Structure formats: structure tokens, C-alpha cells
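Remarks on the overall topology
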Amino acid sequence: MSKALVVFSDNTGVWWLKFLKPGFRHCFVILETDRGCIWVDPLSNNFTLKILEGYELAGLIRWYRDMGMHVVTVEPQAQKSQPFALAPMSCVEVVKRLLGIRDRFVLTPWQLFSHLKGTKSENIGKNILTSV
């Protein structure tokens with residue numbers, strides 16, 4: 001992967017999400033690969049993977065921001081194999097694992113957003129993420 005977009009939305013499809021910070025009730029990720037982009041959307045009732053053909057990250061960033069969503073661009077690096085701590089499956093946990101973030105105190109989309117924005121180019125686990 002060369003880049004990833006982490007997108008934060010106000011999706012309240014499940015009643016308990018209403019207790020989370022408005023604008024940061026759900027997150028998903030778009031992974032850029034050498035063959036195109038892959039959209040990974042972990043919902044409570046299913047897990048959606050789609051190949052996005054013909055889309056560029058810059059256009060996707062604009063589109064999601066125009067829809068009122070928050071977008072953070074990260075540049076993950078290769079990492080060594082290392083087990084993750086046990087945690088319940090959630091949108092945040094899926095995104096963290098895809099990016100190699102091992103901070104067990106990042107549990108909500110808002111905490112993940114704050115973590116990514118506060119990272120800039122700091123070493124997270126074995127990945128180096130750069131917030132753009």
C-alpha cells in the first residue's frame with residue numbers, strides 16, 4: 001500500500017452510535033494499491049470490500065469532504081509480524097489493524113481521528129504514518 005484514506009462519518013444506522021461524537025460515529029478506509037483502490041467498510045451487520053476502478057485519491061478526498069465527512073490521509077510502511085491485543089471487532093479496530101496501529105486505548109472514531117492527526121510522522125507500532 002502506498003496511501004490510505006481514513007474517512008470518518010456521522011453514520012447512525014445503529015442506535016448506540018448516537019452516543020458517540022457527532023461527525024465521528026463511524027469510520028472506514030480506502031487503501032491505495034498498485035492495482036487501484038480498495039474500499040473497506042466494516043459495519044456492525046456486514047463487512048464491505050469494493051474495488052474502486054478509475055478513482056483517484058484526490059477526487060475521493062474532495063468528494064467525501066464535500067459530503068461533510070472528515071478524511072485523513074496516511075502513508076503506511078511495511079511492518080514486522082507482531083500480534084495485536086485482543087479487542088472487540090469494530091470499525092475502529094479494523095482500521096487500526098489495517099494500518100498497524102496497536103494503541104489499545106484508541107476505541108472510538110474520534111479517538112482514532114485524534115490519534116492520526118496528532119501523529120504527523122511519529123512511529124506507530126512498526127508503521128510510519130504521515131498525516132496529510
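Above this text sits the structure in question.
The following refers to the structure shown.

With that out of the way, let us pick up the pattern of salt bridges. In the structure shown here, the tally under the stated rule is three salt bridges. Asp10 serves as the salt-bridge partner of Arg25, at 3.1 Å between the closest nitrogen and oxygen. One end of the pair, Arg25, is in the loop between strand E1 (3–9) and strand E2 (26–33); the other, Asp10, is in the loop between E1 and E2, and 15 residues separate them in sequence. Judged by its relative accessible area of 39%, Asp10 is partly exposed. With a shortest N-O distance of 3.0 Å, Arg97 and Glu93 are connected by a salt bridge.

Once that is clear, we can look at the sheet that holds strand E3 (residues 36–42). Ordered in space as E4-E3-E2-E1-E5, the five strands form an open sheet in which the pairing is antiparallel. For this open sheet the edge positions go to strand E4 (47–52) and strand E5 (70–74), each flanked by a neighbour on one side alone. Here the average twist between neighbouring strands, direction ignored, is 20°. Sheet topology places E3 next to E4; six bridges connect them, and they run antiparallel. Counterpart to Trp39 in the pairing with E4 is Lys50. Each of E1, E2, E3, E4 and E5 touches helix H2 (residues 91–99); the most contacted strand, E2, lies at about 25° to it.

Across soluble globular proteins, nonpolar side chains show a tendency to be buried alongside one another. Within the largest apolar cluster, 20 residues are counted, with the highest numbers of intra-cluster contacts made by Val6, Phe8, Leu112 and Leu116. Where this core is concerned, the elements lending two or more residues are E1, E2, E5, H2 and helix H3 (109–119). In terms of residue count, the dominant contributor to this core is H2 (five residues). Those residues in contact with Val6, other than ones at most four positions away along the chain, are Phe28, Val29, His70, Val71, Val72, Val95, Leu99, Leu112 and Leu116. Grouped together as the second largest cluster of nonpolar side chains are 13 residues, Leu57, Tyr64, Met69 and Val71 included.

Looking at the second largest pocket, its volume works out to about 270 Å³. Contributing to the lining of the second largest pocket are 16 residues, with Ala85, Ala87, Glu93, Lys96 and Arg104 lying nearest its centre. Its residues assigned to classes, the lining of the second largest pocket comprises 10 nonpolar, one polar and five charged.

The next subject is helix H1 (residues 57–66). Inspection of H1 places Leu57, Leu60, Ile61 and Tyr64 among the buried residues, and these make up the whole buried set. Looking down the long axis of H1, one finds its buried residues gathered within 100° of arc, a one-sided arrangement. Exposed and facing more than 90 degrees away from the buried side of H1 are Arg62 and Asp66. Tucked inside the fold, the buried residues of H1 contact E1, E2, E3, E4 and E5.

A separate point is the pairing of E1. A regular strand places its side chains so that they alternate between the two faces of the sheet. Of all seven residues in E1, six are buried, a share of seventy percent or more. In terms of strand pairing, E1 meets E2 through seven bridges, oriented antiparallel. The residue bridging Val6 from the neighbouring strand is Val29, located in E2. Where E1 and E5 come together, five bridges link them in antiparallel fashion. Bridge pairing links Leu5 to Thr73 in E5.

The rules behind each value
Here the residue index of a chain counts from 1 through its sequence in written order. For this predicted model, a pLDDT threshold of at least 70 governs which residues receive local features, and a threshold of 80 or more governs which side-chain atom pairs are given and counted, while totals over whole chains, interfaces and linings are taken from all residues. With hydrogens and water excluded, all non-hydrogen atoms of the structure serve as input to the side-chain values. Take a side-chain nitrogen of Lys or Arg and a carboxyl oxygen of Asp or Glu: if they are within 4 Å of each other, that pair is a salt bridge. Put simply, DSSP H or I for four residues or longer makes a helix, DSSP E for two residues or longer makes a strand, and each gets a number counted from the N terminus. Partly exposed residues are those whose accessible area sits between 20% and 50% of the maximum for their type, while under 20% is buried and over 50% is exposed, using a 1.4 Å probe and protein chains only. At least two bridges found by DSSP between two strands is the condition for calling them paired. Lines are fitted to the C-alpha atoms to define the axes, a helix being fitted only along its stretch in contact, and any angle between axes, read from their N-to-C directions, falls within 0 to 180 degrees. Between two residues, a contact is recorded if the distance between any of their heavy atoms is within 4.5 Å. What is meant by a nonpolar core is a set of buried Ala, Val, Leu, Ile, Met, Phe, Trp, Tyr and Cys residues, joined one to another through side-chain atoms within 4.5 Å. A cavity here means a set of points on a 1 Å grid, drawn over the protein atoms and nothing else, where a 1.4 Å probe fits but cannot get out; a pocket is an open set with protein on both sides within 12 Å along at least five of seven lines, and a residue lines either one if it has an atom within 4 Å of a point. Grid points are joined across faces, edges and corners, and a volume is the space filled by probe spheres set on the points. Gly counts as polar in this scheme, as do all residues outside two lists: the nonpolar Ala, Val, Leu, Ile, Met, Phe, Trp, Tyr, Cys and Pro, and the charged Asp, Glu, Lys and Arg. To obtain the arc, one takes the directions from the helix axis to the C-beta atoms.

By themselves, these observations are geometric and do not establish any function.
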